[in-house]
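# Secondary and tertiary structure notes
In case you want the letters, here they are:
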Amino acid sequence: GISLRYSSNNRITGNNANYNGENGISLVSSANNTITGNNVANNAVSGISLESSTNNTVRGNSASYHTYDGIRLHSSINNTVIGNNASYNTNNGIRLWYSSNNNTCLRNTVRNNSNAGFFLAVTSNYNLIFRNDITGNGENDFNRQAREGSDCTGNQWDDGSTGNYWGEYTTKYPDATNDGRVW
């Protein structure tokens, strides 16, 4: 795979990072990088992983068929995850984990993951998550994972006017209206 450690102001663009023994693309203690337009599939851990990293942009990537998560943020702050496809992963589509705070996730397609579409846990707080297509995930489409002692607070699932498209929304709210993309 591709790994940057203690690195800033780089672009990881247009790569295939498939069938690796760890993550497909990994940033550790890195800032102000852009990961865009990559095809990341069938890796032994996660597709794209940010750990202890800040102010990065993950845009327009395909992150599917991984043993764990399509896109994972671990102790990472102020990142933008936009316009990615995180589908068909064995665990979660997008995971914000261990104090991943103040991140923005929008316009992602998060479908058909075995566990949850989005998984926020272990004090991942004040994240903004909106305009995502979150459908067909196994356990449920949103999982705060309370059984693991999650104490997440302040996360927003809309930007004040637009939320997410949830696969089970019509079952829970049969009188809701749909604009064709978001409920």
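Notes on the structure follow. (Residues numbered from 1 in each chain as written. Predicted model: local features only at pLDDT ≥ 70, side-chain atom pairs only at ≥ 80, totals over all residues. Heavy atoms only, no water.)

## Here's the deal with the overall build of the protein
Regarding its fold elements, the protein presents 1 helix and 19 strands. Contacts spanning at least 24 positions in sequence make up 49% of the contacts within the protein whose residues lie at least 6 apart. Surface accessibility of the protein: about 8100 Å² in total, with carbon and sulfur atoms responsible for 42%. (Helix = DSSP H or I, 4+ residues; strand = E, 2+ residues; numbered from the N terminus. Contact = heavy atoms within 4.5 Å. Areas by Shrake-Rupley, 256 points an atom, 1.4 Å probe, with all protein chains shown as cover.)

## Some words on the sheet that holds strand β5 (residues 34-36)
Read from one edge of the open sheet, 6 strands run β2-β5-β8-β11-β13-β16, paired in parallel fashion. In this open sheet, the two edge strands, each paired with only one partner strand, are β2 (11-13) and β16 (128-130). The mean angle between the axes of side-by-side strands here comes to 5°, regardless of whether they run parallel or antiparallel. (Pairing = 2+ DSSP bridges. Axes fitted to C-alpha atoms, helices over the stretch in contact; angles between N-to-C directions.)

## Quick look at the environment of G93
Relative to the assigned elements, G93 resides in the loop between β11 (80-82) and β12 (94-97). When the C-alpha positions of G93 and H66 are compared, they lie 9.4 Å apart, and in sequence the two are 27 residues distant.

## A look at the nonpolar core
In globular proteins that are soluble, nonpolar side chains generally tend to be buried together. Membership of the largest hydrophobic core comes to 25 residues, with the highest contact counts inside it found for I35, I48, I71, I94 and F118. Breaking this core down by element, the ones donating at least two residues are β4 (25-28), β7 (48-51), β10 (71-74), β12 and β15 (116-121). Other than its neighbours up to four places away in sequence, I48 contacts I25, I35, V40, V58, N61, G70, I71 and R72. (Core = buried A, V, L, I, M, F, W, Y, C linked by side-chain atoms within 4.5 Å. Buried < 20%, exposed > 50% of the residue type's maximum accessible area, 1.4 Å probe, protein only.)

## Observations regarding the sheet that holds strand β19 (residues 165-166)
With respect to topology, 3 strands assemble into an open sheet ordered β14-β17-β19, the strand pairing being parallel. For this open sheet the edge positions go to β14 (109-111) and β19, each flanked by a neighbour on one side alone.

## With respect to the side chain of T135
With respect to the element layout, T135 can be found in strand β17 (residues 133-135). A polar contact of 3.4 Å, which involves the side chain of T135, links it to the side chain of D133. (Polar contact = N/O pair within 3.5 Å; in protein donor to acceptor, adjacent residues only side chain to side chain.)

## Overview of the packing of aromatic side chains
Here the structure, examined in full by the defined rule, presents 4 aromatic pairs. Judged by centre distance (4.9 Å) and plane angle (85°), the rings of W97 and Y98 are edge-to-face. Between F118 and W157 the ring centres are 5.9 Å apart and the planes differ by 90°, which places this aromatic pair in the edge-to-face class. Within this pair, whereas F118 is found in strand β15, its partner W157 is found in the loop between β18 (140-143) and β19, the two being separated by 39 residues in sequence. Counting every residue linked through ring pairs, the aromatic cluster contains W97, Y98 and F119. We note R95 situated over the ring of W97; from NZ or CZ to the ring centre the distance is 4.3 Å. (Phe/Tyr/Trp six-rings, centres within 6.5 Å; stacked < 30°, edge-to-face > 60°. Lys NZ or Arg CZ within 6 Å of the ring centre and 35° of its normal.)

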